[in-house]
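Report on the structure
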Amino acid sequence: MTNVTEPVRRRRLLATVGASLTVATAGCDGFPEHRGPWRRLTFGTIQVEEGENGWVVSFTLRKQHQGSEDLKAFHDVHVHGYDRNRTEVCSKRIGTIEDEYPGGSGLPVEMECSAFPTMLTYSAAESPCDENITTTLSVAVYDEEDGWLVVEGRDCGEGLPPEPRDPGGE
């Protein structure tokens, strides 16, 4: 009988370490010096644990903005999880997000996935194509060596699932 606990522990450790590094470098993510109004949804700490019926993903949603009050909100926010084949394995409706969640704090979110997700992203009524404000919907990718990394935001016109991201490419 093989011991499956060790790989699960290693995955859990890697996911936690990677997410911690993501949070520690959150201010160094290459987001342009904010010329004009902007808003973004990104990820804080991400943890994935195997459960009885699949995988449980826990993370903090971080919303930040700069600009007028009428442009700060995100409406009809959902988070989506995809496996390596870009098949959606989980999603959760979050709703309207108006509050700011800077730094390491954020809105705690938990969702169940039918398979281990390797990519997470948000969808919202607002989009990267918005003209009056720079809008970023972040993508987080799981890397076997580095754990969870927030690699970049979705492009204007990029649908779901997002195009594959290279975690080491940024």
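Presented here is a report on the structure given in the accompanying data block. The model shown is predicted, which means the values in this text are computed figures rather than measured ones. (Residues numbered from 1 in each chain as written. Predicted model: local features only at pLDDT ≥ 70, side-chain atom pairs only at ≥ 80, totals over all residues. Heavy atoms only, no water.)

1. Examining the state of the cysteines
Here is the rule: A pair of sulfur atoms, both from cysteines and within 2.5 Å, is called a disulfide here. The way it works is that DSSP assigns letters per residue, a run of H or I at least four long becomes a helix, a run of E at least two long becomes a strand, and they are numbered from the N terminus. With a 1.4 Å probe rolled over the protein chains alone, any residue whose accessible area is under 20% of its type maximum counts as buried; one over 50% counts as exposed, and the rest are partly exposed.
For the structure on display, the rule yields 2 disulfides. Across the disulfide, Cys90 is cross-linked to Cys113 (sulfur-sulfur distance 2.1 Å). The sign of the 55 degrees torsion about the S-S bond sets the Cys90-Cys113 disulfide as right-handed. Placement of Cys90 in strand β4 (residues 88–97) and of Cys113 in strand β5 (residues 107–113) is noted, with a sequence separation of 23 residues between them. On the basis of relative accessibility, which here comes to 6%, the residue Cys90 falls in the buried class. Residue Cys129 pairs covalently with Cys156 via a disulfide, S to S 1.9 Å. Residues Cys129 and Cys156 are joined through a disulfide that is right-handed, its torsion about the S-S bond being 110 degrees. Highlighted residues: Cys129 in the loop between β6 (119–123) and β7 (134–143) and Cys156 in the segment after β8 (147–153), separated in sequence by 27 residues. Overall, the relative accessible area of 34% leaves Cys129 in the partly exposed class. Indicated for the protein chain is the disulfide connectivity 1-2, 3-4, based on numbering the bonded cysteines in sequence order.

2. Overview of the pairing of β4
Put simply, the rule reads: At least two DSSP bridges between two strands are needed for those strands to be called paired.
Where strand β3 (residues 74–82) and β4 come together, 7 bridges link them in antiparallel fashion. Opposite Phe74, over in β4, you have Ile97 as the bridge partner.

3. Let's talk about the environment of Lys72
The cut-off we apply is this: We call two residues contacting when some pair of their heavy atoms lies within 4.5 Å. A 3.5 Å cut-off defines polar contacts: any pair of N or O atoms within that distance qualifies, except that in protein one atom must be a possible hydrogen donor and the other a possible acceptor, and neighbouring residues in sequence count only when both atoms are side-chain atoms.
Assignment of secondary structure puts Lys72 in the loop between β2 (54–66) and β3. Using a relative accessible area of 17% as the deciding quantity, one classes Lys72 as buried. As a C-alpha pair, Lys72 and Arg39 span 33 residues in sequence and 6.4 Å in three-dimensional space. Residues contacting Lys72, with those up to four places away along its chain left out, are Arg39, Lys63, His65, Ile97 and Glu98. At a separation of 3.0 Å, a polar atom in the side chain of Lys72 contacts the side chain of Glu69.

4. Comments concerning the packing of aromatic side chains
Let me state the cut-off plainly: Pairing of aromatic rings covers Phe, Tyr and Trp, the last counted by its six-membered ring, and requires centre-to-centre distances within 6.5 Å; plane angles under 30 degrees mean stacked, over 60 mean edge-to-face, and any other angle means tilted. Charge-over-ring placement is defined geometrically: NZ (Lys) or CZ (Arg) within 6 Å of the ring centre, and within 35 degrees of the ring normal.
Overall, the coordinates contain 6 aromatic pairs when judged by the stated rule. Summarising the aromatic geometry, the rings of Phe43 and Tyr122 are spaced 4.4 Å apart at their centres and angled 15 degrees between planes, so their arrangement reads as stacked. Taken together, the residues Phe43 in strand β1 (residues 38–51) and Tyr122 in strand β6 connect sequence positions 79 residues apart. Neither Phe43 nor Tyr122 differs from the other in exposure class; each is buried. Measuring from centroid to centroid gives 6.5 Å for Phe59 and Tyr122, while their planes differ by 65 degrees, and the two rings are edge-to-face. Of this pair, Phe59 sits in strand β2 while Tyr122 sits in strand β6, and the two are 63 residues apart along the sequence. Take Phe59 and Tyr122: they sit in the same class, and that class is buried. Taken together through their ring pairs, the aromatic side chains of Trp55, Phe116, Tyr142 and Trp148 make up a single cluster. The aromatic ring of Phe74 is capped on one face by Arg39, whose charged end is 5.4 Å from the ring centroid.

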